[in-house]
Amino acid sequence: FQSDVNIWLSHIQFLKTIKWDSSVSRIYLRLLQVHNDKPRLWVAAAKWEFEHVGNPDNGRQIMLRGLRFLPTSWVLHREYLKLELLYVEQLRKRGEVLGTEKTKEELEDSVLDCAIVRLVAKAAVDAVNSPKFVVSLITTVRLFPFATIVSKELMETLVEKFPTSPVTWDTLAREELGVEGKGGIRGCMEKYYEGLEVCKTKEMFAMAFSTLTDLAEVFPNSIVRIVKNIIKLLEFGKKEDLLEVKHYKFWLELQDPETHKKGMVELVKHSLTQYPTSVDLWIEQLVLSLKTAGPKAAASSFSRGLTAVGANSNDSCRLWQVMLSASSPEIGWQLLSGPDSPLDSNNPQLRLLHMEQAGYRGIAIAREVYVGYKDLPPFNKDLHYKMLEMEREEEVVSISHQRQVLTLLCDQFGSQDI
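Figured I'd write up the structure that's included with this text. (Residues numbered from 1 in each chain as written. Predicted model: local features only at pLDDT ≥ 70, side-chain atom pairs only at ≥ 80, totals over all residues. Heavy atoms only, no water.)

**A short note on the packing of helix 16 (residues 279-292) against helix 17 (residues 295-309)**
The description of two helices packed together rests on the angle between their axes and the distance between the axes. Running from N to C, helix 16 and helix 17 cross one another at 170°; their axes reach a closest spacing of 8 Å. Judged by the angle between their axes, helix 16 and helix 17 are roughly antiparallel. Residue-level inspection shows Val279, Trp282, Gln285, Leu286, Ser289 and Leu290 of helix 16 in contact with helix 17, the latter providing Ala297, Ala298, Ser301, Phe302, Arg304, Gly305, Ala308 and Val309. (Axes fitted to C-alpha atoms, helices over the stretch in contact; angles between N-to-C directions. Helix = DSSP H or I, 4+ residues; strand = E, 2+ residues; numbered from the N terminus. Parallel < 35°, antiparallel > 145°, perpendicular 65-115°, else oblique. Contact = heavy atoms within 4.5 Å.)

**A short note on the pattern of salt bridges**
Overall, the coordinates contain 14 salt bridges when judged by the stated rule. Across the pair Asp170 and Arg174 runs a salt bridge, and its minimum N-O distance is 3.4 Å. Note that Asp170 and Arg174 are positioned in helix 10 (residues 166-176) at a spacing of four residues, about one turn of the helix. Its relative accessible area of 37% is what places Arg174 among the partly exposed residues. Where Asp280 meets Lys249, a salt bridge forms, and the shortest distance between an N and an O atom there is 3.8 Å. You can see Asp280 sitting in helix 16 and its partner Lys249 sitting in helix 14 (residues 245-253), a full 31 residues away along the chain. Given the relative accessible area of 26%, Lys249 is considered partly exposed. Ionic contacts of the salt-bridge type, sharing partners, join the residues Asp57, Arg60 and Glu84 into one network. (Salt bridge = Lys/Arg side-chain N within 4 Å of Asp/Glu carboxyl O. Buried < 20%, exposed > 50% of the residue type's maximum accessible area, 1.4 Å probe, protein only.)

**A short note on the side chain of Thr168**
Counting through the fold element by element, Thr168 comes out in helix 10. A relative accessible area of 1% places Thr168 in the buried class. With near-sequence residues (within four places) excluded, Thr168 lies in contact with Pro131, Leu158, Val159 and Phe162.

**A look at the side chain of Gln412**
Summarising the element assignment, Gln412 is placed in helix 23 (residues 399-413). Within the local environment of Gln412, its side chain forms a polar contact with the side chain of His384, the two groups lying 2.7 Å apart. The residues contacting Gln412, other than those within four sequence positions of it, are Lys374, Asp375, Phe379 and His384. (Polar contact = N/O pair within 3.5 Å; in protein donor to acceptor, adjacent residues only side chain to side chain.)

Shown next, in the form of structure tokens:
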């Protein structure tokens, strides 16, 4: 069972429980001979040597050997860097305890100055060509206050090696906020706009938008200022065609139909030219038409929306649900059952919606709708189950009607669903 990692780990856990520490180290080495492609196992073995056995050299050797097998592993490089940082922290604490008495620390000035850590960080950046990886190293290094020079060098490397990456500019902009967000909003936004000039992409815009929306929690007393910056950013995104559907929806939520009617109408129109098949935006169009232009305009928006979303059953069902919830019962029923109804009777979800609406008007109407759909392909089990549920909820339950529904259900699906 050497291929089963769980058995190995259970064995190791048992040895730890009974305090056979020397055996734990030996089993870890045997495990890594078999499963040398799993970075977490290398990390676990190195941590055991460093934290429990108290042998940082062995931990370091395990990490280096793991990196020979997995030279581009994010986990191994990051954990090895962390191990070296912990070693430096250990030496510094020992020096504080010894006070003025110096032992071999005098020979380890380069270690205390993070020279080895810097070499490890450089090797990691050279091995893994990714700005996100560099940012993860910066995050790790900042857990250790004495290693500010390392984080500074990593930041410089990030800018130098990935000058056009959105991740680089996102990191630089967040740096302007300072530790725990105690910096300035203005500097942060200036960096984002600078980044948007260098890499004018939707990814870069999304990062700027995400940061701005998060700032409301960091600066609760600056909500008005933050909202103004968000609107300014959204206007920039609209001009450069960088907005996604969620950005348009957020922008519309910021406005009041009574005071910003014209602007909202133009914004929805523009958004639909960018995303003509987005059901979310058609719902916004439908709701806005109801609020600002009345039922006729809403009906027109609804019809155009159904045409735009096309054969997507989920999207058309959502649009129907919004339209029915916004309409009176009579108008809604006329839309569903009238001679000019735009209802797609081939859509199983819309058939079910039609059945549910019919149920509100009585069992007789529901039975009529069911009869119209029961033999119409594509067959749908949910339609039969819905009719069965309605029959059972009646004050006077009809066994014959239930039998008819169950018989048809078995005829259509009995061969597949026993």
